[in-house]
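Structural overview
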Amino acid sequence: MMASRPLPSHNPSHTNPDPDNDPCQCSPPGQASTECALPPKDSCDDEPEPSPADCQSEQSESVRSALRLNLTPPVDTSEQSPSSQAVRCKLPPSGKTPKRLKHKSSKPQGSKQCSWLLRLFESKLFDMAIAIQYLFHSKEPGVQSYIGNRMFSFRDEDVDFFLPQLLNMYIQMHDVAEAIHPYLVSRCRRSVEFSIKASWLLDAYSEDILNRPSWKTSQGLKLKNMITNEELSPLKEHPTSPSATNVLSPGGQARRHKRSQSDATGIFNPGPLKRCLSAITGKQVSTSGDLASGHAFDNGCICHQSSEGVLNDLVGRQTECHCGAPRLRSQLDFINAFMTIGSKLQQLQTKELRTSRLIAELSLLNLNLPARVWLPIHSNINHHVVRIPPSQAVVLNSKEKAPYLLYVEVLECTDVYTAPVPNKLLENTLRHVRSEEDLTAYEKAEEGSSSGGTGGSSPRPEFSVYGHNGAEYDDADCWSQEDDEIIQQYRGAQRSKPSADCLSQLSASADSKEPVFIAAGDIRRRLSESFQQPKTKFERDPEDPSAAAMKEPFDEKVRRIRESSPYGHLPNWKLLSVIIKCGDDLRQELLAYQVLKQLQRIWTKEHVPLFITPYHILVTSDDSGMIEAIVDAVSIHQVKKHSKLSLLEYFIREFGPVTSEEFMAAQTNFVQSCAGYCLVSYLLQVKDRHNGNIMLDAHGHIIHIDYGFILSNSPGKNLGFETSAFKLTSEFVEVMGGIGSDMFEYFKILMLQGLVAARKHMDKIVPLVEIMQTGSQLPCFGKGVGTINGMKERFHLNLTEEQLQLLIDNMVDSSINSLTTRLYDGFQYLTNGIL
Amino acid sequence: MTSKPSVVLPKDKLLRKGSHSKMALKEKIVQIYEALFRGEDPSTGNQNFWDEFFLLRVNAQYLENEIEKLNGEQVQALKETINSMIYHSIETLKDEHPIRAVNAMHTISALIHAIFQKSSSDHGFDIINVLIGFDIAEAQMQILIERLNQLLTSDRPLSLKSAALSVLMVLITAKENVSQNMMLEYVMINSVFESVVQILGNPESRSSHGHDAILLLTLLVQYRKYESANPYIVKLSILDDELALHGFAQIVSSLLTDFNRQYRQSTAQPEGGFFASLTNMVGSMFVAEEKKTEAMKANDAVLLALYEAIHLNRNFITTLTQSHTPSTPTTPPSSPASHRSGPDLNSPNNLPSDAKPDLATLTDSANQPTNLLVTFLEYCSIVMQDIKDVTRFNNAKLCLIILTIIAEDQYANSLMHDVNMNYRVPLHKMPMRHRKVTVDMKPASRPLASALLDLIVEFTQSHMMKNIPLELYLRSLGIAHRILCYQKKCRVRLQYPWKELWTALINLLKFVMSNESHLLKKHDIFHLSSQMVNIFNLFITFGDTFLPNPSSYDELYYEIIRMHQVFDNLYSMALRYTTTEGQWKESAVKLTNTLVNVRAIINHFSPKVDSWAAANSLSSLTEDQVLEVVRSNYDTLTLKLQENLDQYERYSEKPKEASFFTQMVRQVISDYRKSYGVTGPKSALQELPS
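From a predicted model like this one, the values you see are computed outputs, not experimental measurements. (Residues numbered from 1 in each chain as written. Chains lettered and ligands numbered in written order. Predicted model: local features only at pLDDT ≥ 70, side-chain atom pairs only at ≥ 80, totals over all residues. Heavy atoms only, no water.)

1. A few points about the overall build of chain A
Along the backbone of chain A there are 35 helices and 10 strands. Across the 835 residues of chain A, 55% fall into the buried class. Here chain A has roughly 36,800 Å² of accessible surface; of this, 54% comes from carbon and sulfur atoms. (Helix = DSSP H or I, 4+ residues; strand = E, 2+ residues; numbered from the N terminus. Buried < 20%, exposed > 50% of the residue type's maximum accessible area, 1.4 Å probe, protein only. Areas by Shrake-Rupley, 256 points an atom, 1.4 Å probe, with all protein chains shown as cover.)

2. A look at the confidence of the model for chain A
Residue and element names in this part refer to chain A. Residue-level pLDDT values for chain A average 70, and 61% of them are 70 or greater. When pLDDT is averaged over each element of chain A, helix α25 (residues 587-605) comes out on top at 92 and helix α20 (residues 462-465) at the bottom at 32. Taken together, the stretch residues 237-286 has pLDDT below 50 and engages in 41 contacts with residues farther than four places along the chain or on a different chain. (pLDDT = per-residue confidence, 0-100. Contact = heavy atoms within 4.5 Å.)

3. Concerning the sheet that holds strand β10 (residues 702-704) of chain A
Adjacent strands of a sheet form backbone hydrogen bonds with each other and so pair up, either parallel or antiparallel. Residue and element names in this part refer to chain A. Strands sit in the order β8-β9-β10 across an open sheet of three strands; the sheet is antiparallel. Of all the strands in the sheet, just β8 (633-635) and β10 have a single pairing partner and so form its edges. Ignoring strand direction, the axes of neighbouring strands in this sheet form an average angle of 35°. Bridge analysis of β8 against strand β9 (residues 694-697) gives three bridges, and the strand direction is antiparallel. Paired with Val 634 across the two strands is Leu 696, which belongs to β9. Lying over the sheet, helix α26 (residues 636-643) contacts β8 and β9, oriented at roughly 80° with respect to β8. Helix α28 (residues 661-684) contacts β9 and β10 of the sheet and is inclined by roughly 20° relative to β10. (Pairing = 2+ DSSP bridges. Axes fitted to C-alpha atoms, helices over the stretch in contact; angles between N-to-C directions.)

4. A word on the packing of α26 of chain A against helix α27 (residues 647-655) of chain A
All names here are of chain A. Two elements in contact, α26 and α27, have axes whose closest approach is 10 Å; the angle formed by their N-to-C orientations is 80°. When the axes of α26 and α27 are compared, the pair comes out roughly perpendicular. Contacts between α26 and α27 pair Ile 636, Val 639 and Ser 643 from the former with Leu 647, Tyr 650 and Arg 653 from the latter. The class makeup of the residues in the contact of α26 with α27 is four nonpolar, one polar and one charged. (Parallel < 35°, antiparallel > 145°, perpendicular 65-115°, else oblique. Nonpolar A, V, L, I, M, F, W, Y, C, P; charged D, E, K, R; others polar.)

5. Describing helix α22 (residues 448-462) of chain B
Along its 15 residues, α22 of chain B runs 21 Å from first to last C-alpha, staying within 8% of the 21 Å computed at 1.5 Å per residue. For α22 of chain B, the buried fraction is high: 14 of the 15 residues fall into the buried class. (Expected span 1.5 Å × (residues − 1).)

6. Examining the domain arrangement of chain A
All names here are of chain A. By the assigned domains, chain A splits into domain 1 (123-229), domain 2 (300-319 + 327-423 + 544-583) and domain 3 (633-832). On a C-alpha basis, the centroid separation for the pair domain 1 and domain 3 is 33 Å. With 16 residues of domain 1 in contact, the opposing surface of domain 3 contributes 12 residues. Between domain 1 and domain 3 lies a buried interface of about 1,200 Å² when both sides are counted; carbon and sulfur atoms form 65% of it. At the boundary of domain 1 and domain 3, one finds zero salt bridges. Counting across the interface, domain 1 meets domain 3 through three residue pairs in polar contact (both at pLDDT 80 or more). Mapped by element, the contributors of at least two residues to the side of domain 1 that touches domain 3 are α6 (128-137) and α9 (163-172). Across the side of domain 1 that touches domain 3, the residue classes break down as eight nonpolar, five polar and three charged. (Domains from an automatic or database assignment. Buried area = accessible area lost by both parts, 1.4 Å probe. Salt bridge = Lys/Arg side-chain N within 4 Å of Asp/Glu carboxyl O. Polar contact = N/O pair within 3.5 Å; in protein donor to acceptor, adjacent residues only side chain to side chain.)

7. Quick notes on the pattern of salt bridges
The tally for this structure, following the rule as stated, stands at 45 salt bridges over all chains. A salt bridge links Asp 333 of chain A to Arg 329 of chain A; the nearest nitrogen and oxygen atoms lie 3.5 Å apart. Of this pair, Asp 333 of chain A and Arg 329 of chain A both sit in helix α17 (residues 329-346), four residues apart, which is roughly one turn of that helix. Residue Asp 333 of chain A is classed as buried on the basis of its relative accessible area, which comes to 10%. The partly exposed category is assigned to Arg 329 of chain A, whose relative accessible area is 31%. Here Arg 576 of chain B ties to Glu 516 of chain B by a salt bridge, and the two come within 3.1 Å at their closest N and O atoms. In this pair, Arg 576 of chain B is assigned in helix α28 (residues 564-579) and Glu 516 of chain B in helix α25 (residues 516-520), connecting sequence segments 60 residues apart.

Next comes the structure, spelled out in structure tokens:
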């Protein structure tokens with residue numbers, strides 16, 4: 001279980017490899033926790049009651065110390081030496097801990113419980129999912145703080161998955177907040193990425209408690225403010241530096257540290273230090289966030305321009321920023337810029353107005369790129385954003401809100417914070433500049449009327465090569481490299497016998513006196529042939545620009561954009577896509593993503609070939625966020641509208657006849673994904689399942705999107721439009737081969753296997769939802785605890801497998817014949833024109 | 001070109017004059033001027049004289065009038081005094097005190113202006129010597145330009161910057177012929193380019209000084225353009241600061257937008273009844289016309305700036321189609337609201353007060369995002385309507401030259417043909433006898449190439465007059481030709497109703513032939529006709545590479561067959577001139593050659609159509625029937641592959657258009673001088689914090 005402990009090297013408290021039990025050696029974790037735990041306590045100092053558990057504070061304190069003394073060392077050092085193994089094995093029965101625990105817990109079976117708990121906590125099975133569960137259910141401060149410490153040893157990614165749960169507990173439960181505070185602070189110090197995500201989530205989940213603030217729930221906002229005020233900067237390694245002392249005594253000094261930073265932005269106290277600071281920050285202050293400045297996302301850090309930065313660059317070392325420039329500002333500004341665009345689009349009525357406005361706003365944004373900013377939704381790839389091709393962005397179909405899809409060009413880098421930001425390249429860099437130098441060269445060529453030799457390699461000599469030599473027309477000075485290639489081809493064509501097909505290249509063969517004849521019929525034939533190629537693209541429709549944009553295979557789009565991009569030639573160039581949503585609450589989407597991801601993991605683990613596509617969600621506030629764009633997929637509505645075919649006919653058109661291998665592969669994909677999403681729809685009670693919310697990807701998988709209505713919430717004021725367990729239309733069944741076909745039976749078997757597997761691991765799914773329900777005002781928790789119980793019931797723990805099979809058969813039958821599904825589709829067609 | 005402060009100034013003066021006349025008091029500055037011009041040196045015995053002198057407000061009017069009164073010898077005699085004034089002005093520019101600096105700059109401006117004025121009438125002296133003095137001229141000018149650069153780039157009040165720009169503008173427009181202005185040698189040696197670029201790049205300074213900045217740059221580029229290496233040409237051509245280029249485009253765009261808006265307002269149909277429209281008509285007869293030409297003259301400079309940017313700098317092309325919103329920054333500038341003293345861009349939506357986009361500004365149609373090319377196309381459609389006036393003709397010609405350069409650019413073409421970049425381009429049409437003026441303010445959203453082609457078609461249709469603008473016709477046809485060449489080369493299929501272009505060309509051919517004898521007196525109509533026929537030839541031979549659908553190729557044949565008489569007549573006319581010796585023989589021969597395929601088509605299909613009609617015993621055929629005949633008879637038709645159909649002579653300024661541009665620059669300079677003469681040096685003093 002201790003396989004990897006990616007702890008920060010500069011954090012001395014948790015990297016202590018010494019396995020000894022000596023209290024002095026144990027103190028680092030304790031010290032770390034007190035040091036880190038101070039801020040919340042401190043931040044509560046204006047409240048009369050400092051701690052919720054104050055009545056038992058002494059007891060809990062002692063238990064905590066006991067846990068710390070006896071539990072943490074082995075945790076920290078479990079694999080260091082055999083002796084520590086021995087210690088760990090001995091621990092549960094050993095005298096001290098149980099006694100203290102017993103002393104603390106008044107329940108009679110406390111000792112036994114805790115020792116079992118301890119064994120669980122130390123077993124290999126103990127992972128973040130279990131930790132979260134215990135953090136939520138256990139009211140024991142000792143257990144909570146143990147888990148809080150233990151979290152340091154989990155992999156960052158594992159913890160990050162549960163970040164919404166952790167932060168919701170942080171906001172809603174004061175005791176948990178205290179336990180996990182050190183961990184969160186430490187992560188914030190280490191990672192800008194984590195800081196930003198945490199601040200957004202804190203912001204979003206605090207929204208519900210804003211109306212009824214109390215001292216019990218203020219810690220969330222306080223942490224958020226600490227993060228956004230950049231109080232949580234990384235600890236400096238040199239103890240002599242002033243910032244290090246700041247860190248050691250966090251209270252007032254930390255605040256002063258922060259003030260000195262913001263003071264540098266606009267104060268008028270003279271002095272040499274100030275002058276040098278303003279020289280650095282002056283530029284940043286005036287431009288930060290101002291898109292017209294061209295430096296909106298420049299935090300004013302000069303470390304990379306400094307001689308040290310240049311040196312590091314040369315020797316391949318990484319440059320750490322130490323000039324004290326704000327770490328989060330530029331990234332926050334970057335995301336804010338997207339959200340501002342979204343809210344502007346929202347005010348416009350037609351799609352066309354929105355599209356043109358979007359293009360304009362993005363061109364403005366582009367002036368500020370490249371910058372040290374990244375798309376947080378693709379944080380698994382380290383990158384800097386270099387360009388957003390404005391005309392590739394599309395406004396998505398939505399009446400009220402204006403979500404939009406962006407394609408963003410990025411350059412991969414080793415580390416976002418330390419790698420230098422790429423230099424600006426101009427749009428049409430392919431073409432060489434028509435400088436005065438070129439002009440003179442051009443003139444010389446003109447005067448000398450030099451009819452040059454053959455094919456030069458660089459653009460310059462080609463001035464003479466393609467200069468004014470008699471009848472041949474000069475256009476060398478304007479042709480870019482690609483044009484030169486064409487000319488080369490043409491020269492090649494001239495040398496070899498021209499085939500009929502390259503006739504169009506041939507017209508320039510001025511010197512051939514022999515007249516060339518062409519048949520009018522050939523021209524006409526070529527023209528119609530060029531239109532007979534199978535159309536795989538959707539025609540561009542100004543009312544639905546997203547359809548054409550999304551139908552284009554992603555590979556093709558990448559190639560096209562790469563060709564037109566000035567950065568496209570760089571090996572680390574990449575195209576990412578993202579959907580920006582503004583005015584929508586994505587917290588439910590985030591919850592759905594987590595559940596889907598867990599289900600996917602469970603099914604993979606249990607070898608059930610169900611296919612679902614959880615897409616990343618990034619919540620930036622309670623009414624904005626980003627969604628990972630699903631590439632190579634269009635909605636079934638768009639498929640039907642643009643192809644004017646039934647789903648099965650579309651499958652045949654796209655993949656081939658029913659008996660072909662391609663079709664069968666696509667059909668299998670369809671069945672596996674359909675079964676997966678039917679289960680998801682059933683378990684989460686996903687509603688609003690019209691065809692605009694179901695996507696079809698290039699391999700035949702369906703992908704459900706839009707989890708705005710889940711659990712207790714459904715459209716139409718919960719009137720119960722869609723009463724069936726899930727959406728399974730006869731059209732879907734038709735693609736599977738019809739009722740009773742082999743694939744249809746396979747579909748039902750898959751569903752049964754999937755449900756059995758999910759039931760086996762339901763304790764990995766239910767807590768996710770349960771924790772988020774705490775204190776939440778989200779509509780999906782409209783029925784309160786009933787929501788969770790209802791969800792638990794849908795796992796049918798009491799049924800045998802045979803009974804489950806029966807249940808699934810029933811659900812499938814009733815879904816196919818469901819009147820309400822058809823009614824709802826009809827309703828959507830009438831109101832929103834969705835087929 | 002009037003600005004608020006300069007409007008205020010004369011009033012201010014008038015008031016003061018009135019109140020002062022009673023007491024017959026002289027301004028102190030005037031007394032000092034008098035003393036100076038008497039040859040006295042007031043600084044003797046007063047160490048602080050110059051410090052105090054520059055604290056007094058400059059009376060440029062008086063100063064210039066005094067110099068105006070002098071004769072050549074007197075000017076020579078005052079050389080020391082003038083030198084000393086210039087010297088101390090330049091010294092004072094160092095001063096941190098903004099009032100002194102502004103006054104110093106106004107003094108310099110006034111002296112330069114006055115001395116140059118003097119020299120134009122009287123060649124008895126050397127300007128540089130009189131102004132600065134030969135021995136120190138080079139050093140002094142270097143210091144002056146350094147100081148001006150500092151003022152322009154540092155964080156100083158806007159009024160200081162506009163005064164600095166004004167000094168440079170006065171210097172550069174001192175002579176009608178910019179190339180004869182010897183003082184500019186110093187500006188060539190000591191570059192102000194970087195400062196100007198910085199102004200263009202900064203959204204705030206751009207909005208207040210943008211117009212002067214681009215004008216300055218444009219005029220500097222003109223200096224000895226055709227004779228020697230001009231560093232500004234080099235620098236402008238390799239400028240790759242995206243922000244500055246973007247700023248340049250935005251300035252041009254907003255000035256052109258102002259013009260377009262004025263035009264729209266002047267032509268807006270009143271909603272009222274008959275009487276309202278009558279009064280409006282009468283009113284526009286007297287007022288609007290005048291206003292229009294007034295605005296147009298101001299736009300020569302802007303157009304010239306646009307031309308130089310496009311012509312010299314290839315990176316500028318990208319900014320053409322870069323969308324921007326007409327309103328200034330989305331976030332208000334962080335500095336406190338600043339005074340705007342510039343003569344331009346004072347349009348209400350540039351004021352910082354409503355820089356925050358609210359619902360009203362967002363949905364306002366004037367605030368829809370647009371780009372320079374859209375604005376420019378609309379501008380062209382206005383200017384091209386009426387080209388009888390020589391300035392309008394030149395303006396339209398410059399428009400067409402700019403469009404030619406754009407149409408030659410591969411990258412610009414790729415942008416104009418990008419189906420993802422659709423714009424609504426409102427193209428204005430001229431009222432003509434046979435059609436109503438319907439300005440479609442809600443045109444379809446299409447790629448820009450379609451709008452450009454529409455503009456060409458409209459121009460072709462609307463300028464068939466006795467005094468045919470042959471030059472403009474050649475240019476506009478050349479633009480269409482260039483676009484077709486691009487489409488052919490890159491196999492781009494633009495969804496455009498090509499029939500409109502064909503019809504326009506055929507109509508023009510008809511017009512040319514019906515006025516053959518009249519036009520031939522002056523013009524080579526054979527060359528013009530060849531160009532038109534060659535456009536047809538492109539369609540005939542290479543239609544497969546760019547036509548939007550197969551049936552459009554059939555339609556092309558249908559049109560040619562339908563209008564065969566026009567081509568027949570054209571051929572016989574050309575033939576007539578080939579047989580007789582004359583100045584048109586050569587181009588007439590060329591024309592007959594270009595007609596070979598069109599004639600082949602007519603000769604091939606006409607009998608087929610006739611026989612088909614006979615076989616089906618029909619007197620006339622419907623379009624569908626003819627198309628049917630065309631479709632079934634392609635295979636027996638052989639066409640000749642013509643040479644150089646997709647080649648064109650690239651635009652170059654030097655031999656052909658040099659005199660046009662020299663004239664244009666003269667015009668721009670004299671316009672600026674006139675406006676300067678009216679307003680005098682813009683006093684920025686009122687705006688300075690005291």
